[in-house]
Structures are given as C-alpha cells and as structure tokens.
Amino acid sequence: MNSKNTFLSSVFFFCTDISAIALLKANVQSLSQLLYLVHFVNMPKLKFYLIVLLTLLVVSACSFFNPKLPKRDISLVSSNQTSAVEVHLVQHAMGQTLVPVHPQRVVVIQRWLVQIPLALGVKLVGAPGLALTLQGLGLDNKQLGIEDIGAAFAPTNLEKIMTLKPDLILGTVDENRDNYSLLSHIAPTVLVKMPNSGDWKESFMPAANALGQTETAKRLIDKYNARIADFKEKMGSRLKKTQVSVVRLAPKLIHATTKSSFSGVILEDAGLIRPPSQNLDAKGTKKKEGSPVGYSVSPEVLSQIDGDVLFLLRYGFKDASESNSALRQLMAEPLWSKLNVVRHGEIHIVDEFCWLAGSYLSANRVLDDLFTYLVKEAQRI
C-alpha cells in the first residue's frame, strides 16, 4: 500500500464524524504532501513542527464539523475496526465516500439490492424483508446468518442497523436521501441510482465497485451475456416471430408490464418482441398510468395482453386460495377465451419474485424460464 493509501486508512477509523472524513478527502493532496515531508525531512526540529502541524490538521478535521451530531457509541464499532484497513474513494449518487476495499459487514437497506452482495460473495449481515427475499431466491438463512432489519417497504430501522456494526451500508438514493447523513454517521454509506426495477443494470456496477468486487461483477455480466447469445442462437428464426406478453395478476388488478420493467429489459436483451401495447419505454408507460414499468388493463380490453406466449405472475395475494380465486375470475372473463394465446395454450405461470425485480440472480431465473418455455418446448414439438 502506498503512503497516500496508508494515511487514508489510518485516518478512516480515527475520525468518528463523517463530516471530518469529508474534510480529509477534500484535502487529501495537501495532507499527503505534509506526510511526505514528515517522513523524509532529516532536520529534527523542522520534523517536530511538521508532526505537530499534521496532528492539528487531523484533530481539527475530526472535531470541527457537525458539532450537533451525536457521537457514535464506540462500543458499537467492531473490533476489526481498531486497526487500519485499506480503503478507496467511491463515487455515488450522494457524492463520494471512503469505503473499505473489502467490506466484511455489509448492510443493504433496499430489498432489490440484496441480490448484489449475495451474487458477488460478499458477507451480508443485514437486509430488509429478508424471509421473502431468501424464499424467492431459494436460499437458506441458516447458512447465511443475515439479520432482518425490518419490512421491505417500512422506514429504515437505524437502531437495528447500528447494532449490526456494519462497515458499509448500501442503498438507493430515492428511498434514502433524507436519511443519508444519519446512515453515514453509523458507517460509510453508498447510495446508488435505481428509480425503478428496469434500472437494475445501471445500479449493478456502482454497487459492485462499493463492495470491491468489480472483477467478479464483470464475470457475472459476461455469463449473462453468453446465455443471452445462446438463447438467440437456439431460437433461430422464431426469435423475431415470437411475441411475448407479461402480465401481473394482483388483487382486483390486471397489470401489463412493459419493456421498461425488470423482465422487460431481459426480454429485450433476448431479442424477443412485445405486443404493441407493451412495447413502451418508461416515459411512454408513465403516460398511460403513472407507473414507469406497467399499467392496468380492464377486462374490456384484454386484447392488449394477447401474444404468442403469455407469462403470468401472481403477486400480492395473502395466500394460494386467494390467488387461485383471482386466476379463475380472470379466466371466466368473456374475452379471455378469445385470446390467441389462450387458444394456443401458451400461458405460463412463473415466479413473481424473480420476474418483478432484482439483479443478475433473478435475471438468470428469467432466462431459465425462457429456455424452458420457448426453447425446450419448441424442440419437443
């Protein structure tokens, strides 16, 4: 580690006030030059004054800013933070933050980002809506040992996060902008941009960079792209002839998802075509209803969900009985039986968790379904 990184690593855990860290980042060049002089000057008296000056700069940085913020309880700082660790400067939606190069205790505060550290093999100690998330991914928390920090869409539980002694907090800027200062006072906090589920790719590499796993992330992307290429090759001429509709069935709601949704991005990557009413970007989708990823369809215009293949997700039901009842009600609609996709028997019920949102773990599950229903079934005919 060079002298600049060594200095930053030492200061990182010396300063408990996040604003002090910001000051040190802003003056890293001058402080590094001063450190250089201290190290190489041979005049004892001058060296003594340089050391005093350096100490005063560091102490003033740690005490001058945000005097009204409460001091962090040092009993909540993990023992591995008592020694210097290697850090790097991460640019993100709220600015820039000094983060451990290899974080060991990560807390994720946005449900759809949970998949990223899991996919990259980073130790995750806390996440929201944990039971549903792990169940959706088919993972067992007994082996992972992750703490649930609250419901997926509930206010962020700062007290719970603090008890987990994280060395990195990862979230999205839209949901956590107002809490950023408080979160940063607990641990280095990186907020990425993810306005809606269709922006999952844009948030992946910034999060991977904060986690110190950019090379692993690139390999995951390469694997995904290779599967996409394989799918296109196996589909052949049928690729541009297969119109794929995606519908989310919720309580008292039929919801068509467009190409701006999470699964919509994957279908577009795969080269599949969508029904005209679903071939909309986020702006076009929002004009229809206000949501950037889908819109409601009334029973009177069910033709908008027709296609060669229809993937149906069931979401938001309290139990299987309610879900099955809603499905029977949909199938009893007069226009349902007139849909081409119904007459051809190409309706497939798929896992709503993996088709609604996530990252590369869910994306590969969606690809699994595309191979199963569009490639393997076609090969059996």
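Each value, and the rule that gives it
- Residues numbered from 1 in each chain as written.
- Predicted model: local features only at pLDDT ≥ 70, side-chain atom pairs only at ≥ 80, totals over all residues.
- Heavy atoms only, no water.
- Pairing = 2+ DSSP bridges.
- Helix = DSSP H or I, 4+ residues; strand = E, 2+ residues; numbered from the N terminus.
- Axes fitted to C-alpha atoms, helices over the stretch in contact; angles between N-to-C directions.
- Contact = heavy atoms within 4.5 Å.
- Phe/Tyr/Trp six-rings, centres within 6.5 Å; stacked < 30°, edge-to-face > 60°.
- Buried < 20%, exposed > 50% of the residue type's maximum accessible area, 1.4 Å probe, protein only.

Engineer: Whenever I open this one, the sheet that holds strand β9 (residues 253-257) confuses me. Can you help?
Structural biologist: Think of a sheet as strands paired side by side through backbone hydrogen bonds, with each pair either parallel or antiparallel. The 5 strands are arranged β10-β9-β8-β11-β12 in an open sheet whose pairing can be described as mixed. Both outer strands of the open sheet, β10 (294-296) and β12 (347-349), are each paired with one neighbouring strand and no more. Within this sheet the neighbouring strands show an average axis-to-axis angle of 30°, counted without direction. With 4 bridges joining them, strand β8 (residues 244-250) and β9 adopt antiparallel strand pairing. In the strand pairing of β9, L249 is matched with I254. The sheet contacts of helix α15 (residues 320-331) involve β8, β9, β11 (309-314) and β12, and relative to β11 the element is tilted by about 145°.

Engineer: Which parts of the structure should I look at to understand the pairing of strand β2 (residues 95-100)?
Structural biologist: Successive residues of a regular strand alternate their side chains across the two faces of the sheet. Two strands pair when backbone bridges link them, and strand β1 (residues 87-92) and β2 are joined in this way by 6 bridges, in the antiparallel orientation. Bridge pairing in β2 places H88 opposite V99. The turn joining β1 and β2, which pair antiparallel and follow one another in sequence, is formed by 2 residues.

Engineer: Could you clarify how one ought to interpret the packing of aromatic side chains in this entry?
Structural biologist: Within a pair of aromatic rings, the relevant descriptors are the distance that separates the centres and the angle that separates the planes. In this structure the tally under the stated criterion is 9 aromatic pairs. A centroid spacing of 5.3 Å and a plane angle of 80° characterise the contact between Y224 and Y360, whose relative ring orientation is edge-to-face. Pair noted here: Y224 is in helix α12 (residues 214-235) and Y360 is in helix α18 (residues 360-380), with a separation of 136 residues, a long-range link. Pair check on accessibility: Y224 and Y360 agree, each one buried.

Engineer: Help me out: how do you make sense of the sheet that holds strand β7 (residues 189-192) in this one?
Structural biologist: Strand order in the open sheet formed by 5 strands is β5-β4-β3-β6-β7, with parallel pairing between adjacent strands. Bordering the open sheet on either side are β5 (147-148) and β7, each of which pairs with just one other strand. The pairing of strand β3 (residues 106-108) with strand β6 (residues 168-172) spans 3 bridges and is parallel. The residue of β6 that forms the bridge with V108 is L170.

So, to be careful, I would describe these as geometric facts and stop short of saying anything about function.
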